[in-house]
Every structure is written in structure tokens, then in C-alpha cells.
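Given next are the chains, with one letter for each unit.
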Amino acid sequence: MKTAKTCILSLFVFVSQLVIHSPVTASEKTYIISYSSGTRFHELVRDRTKAVYDKAGIKAQFVVMPHKRSLSSANEGTSDGDVGRVPSVLERYPNLRRVNVKLMDLNGAVYTVRHDITSYNDAILKQYKVGHINGVQWTEEKMKGLEATKVDNYTILFEMLLQGRIDIALATDISAEETLAGMGEKGSEIHKLNPFVFSKPIHHYVNKKNESIIPQLERAARALHEEGYWKE
């Protein structure tokens, strides 16, 4: 006859095996999603990605990281995904997988205080002193092989324009316009050129280990679009 101690031990081993062999489902796991702080654009993308996870019934925690680190962390699998990037990100980060429903568009523009620069064309990137935010994918690609001054935030970038240390600044328009509005009269001295330098859709990306949740996220994102939850 088994003793009470033996029975308890057997029950413990049985329960332990259940825990080991029972997979964590998408609804049980909390996914760690990284994003860059300090710009209005990335805050908007974060909010839209959060809405998708909420709609899908998937738990997510959003963690602030430096701009490049957010991408590399998602690619390495240290985090479960990055809130949103342009399509070309897959060329440099092969372990990422796209949630193929657009969150919003990223529009990049040139800003200047110089009145002799009246419109944008690629030639001005070679003719003038250019500044942009370090680690921003589209500006890094646009300035590949060209000289540029890189800074950490839009306030510094626009102060450099006002001081004449750079002639033109490459900036994501949503983030730039909010920064300029907060600069008061000084901000009004800086104007945006047409046309846009860059315009691409933004999608959410997850590490390849999380591919199984992509269909669920895509259904949720489509539903939000159909409901008119996001108005461009």
C-alpha cells in the first residue's frame, strides 16, 4: 500500500509534467513589444499597435528602447516585436515577420530656414549641409553614402537649423510638426518643403518565433479599419 507521502510525491510529478508539456497559448502569454520614445510618430504607431493587440485579445507590454536597439531586439528575439516600421526593414532584419495590414503612412520631409531653398529634389542632399535623427531607417537610407550630421532628437535638430549649423533637416512630418509647435515663435521660422522626400506604409513586425499570432493580428487590424477606428 502506498503511503500518503508517496501519493503526494506522485501527484507533484504528474502536475509538473503537465506544466512542462502544456504550451503557453497566445492568450496566456504577454508579448513584449519595443518602440522608440520621444517622437509623436512612434507614440501614434504604438497606440495603433496596442489597439490591434487589444482587439485580438492578445496581451502585450510596450517597452521603450533606443531607435536601433528596438529593431535589433525584435530581430534577435529578445523582444517579441517592434511596433511599426517601413517595408525595407526586412532587408536588414531577416528574422522579422510582417503583420500585413497597414497601420498608417510615414511621410518624410525636408525642413529649412533658408528662403533660397524653395522645393525638394534629391540634388539638394548633396549641395547643402544635412541633419537628421540618428537611427531613423528612412533617413539613414536616403543619406547612404552622403555626409550628414546625426542627432538624438528633433529639438536639437531644429535648433541646429536656427543656428545655421545645418542647411536642411530630414524629419518625419508628424513628429516634426509637433516639435515646431512647441518651439513657439522660433518654430515658425522653419518651413517644410514640398514634395515629400519619402512616403511609405508602416506595418507591425514580430519575431519569426511569433508567426503563429500574425493571422489573428491581421484580422484585428482589418476589423479596426472597417470600423473606422483610425482616420487618416
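Everything quoted here is computed from the prediction, not taken from an experiment. Residue numbers here run from 1 along each chain, matching the order of that chain's written sequence. Owing to the predicted nature of the model, reporting of local features is limited to residues with pLDDT of at least 70; listing and counting of side-chain atom pairs is limited to 80 or more, with chain, interface and lining totals taken over all residues. Side-chain measures here rest on the full set of heavy atoms in the structure, leaving out hydrogens and waters.

### Observations concerning the overall build of the chain
Worth spelling out the cut-off: Under the scheme used here, helices are H or I runs from DSSP no shorter than 4 residues and strands are E runs no shorter than 2 residues, and both carry numbers assigned from the N terminus. Classification of residues uses two cut-offs on accessible area relative to the type maximum, computed with a 1.4 Å probe and protein chains only: under 20% is buried, over 50% is exposed, and between them is partly exposed. We call two residues in contact when some of their heavy atoms are within 4.5 Å.
When helices and strands are counted, the chain shows 10 helices and nine strands. Each of the 232 residues in the chain was classed as buried or not, and the buried ones make up 45%. At a minimum sequence separation of 6, the contacts of the chain that also span at least 24 residues come to 75%.

### Let's talk about the packing of aromatic side chains
Two measures describe an aromatic ring pair: the distance that separates the ring centres and the angle between the ring planes. The cut-off we apply is this: Side-chain rings of Phe, Tyr and Trp (the six-membered ring for Trp) are treated as a pair once their centres are within 6.5 Å; stacked means planes under 30 degrees apart, edge-to-face means over 60, and tilted covers the remaining angles.
Inspection of every chain in the model, using the stated rule, returns four aromatic pairs. With a centroid separation of 6.4 Å and an interplanar angle of 90°, the aromatic rings of Y53 and F62 are classed as edge-to-face. We classify Y53 as buried; its relative accessible area is 1%. Seen from their ring centres, Y111 and F158 are 5.6 Å apart, and the 65° between their planes marks the pair as edge-to-face. Placement of Y111 in strand 4 (residues 96–112) and of F158 in helix 7 (residues 154–162) is noted, with a sequence separation of 47 residues between them. With relative accessibility at 1%, the residue Y111 sits in the buried group. Linked through ring pairs, Y111, Y154 and F158 together constitute an aromatic cluster.

### With respect to the confidence of the model for the chain
We apply this condition: Confidence of the prediction at every residue is given by pLDDT, a number between 0 and 100.
For the chain, the average pLDDT comes to 88, and 88% of its residues sit at 70 or higher. Of the regions scoring below 50 in pLDDT, residues 7–24 engages in three contacts with residues more than four places distant in sequence or in other chains.

### Considerations on the pairing of strand 2 (residues 59–64)
Condition: By this definition, two strands are paired if DSSP reports at least two bridges between them. Assignment of crossover handedness uses the view with strands pointing away from the viewer, where a clockwise path from the first strand over the helix to the second indicates a right-handed crossover.
Inspection of the sheet shows strand 1 (residues 30–35) paired to strand 2 by six bridges, in the parallel sense. Across the sheet, the residue bridging to I32 is Q61, located in strand 2. Considered for its hand, the β-α-β crossover made up of strand 1, helix 2 (residues 40–56) and strand 2 is right-handed.

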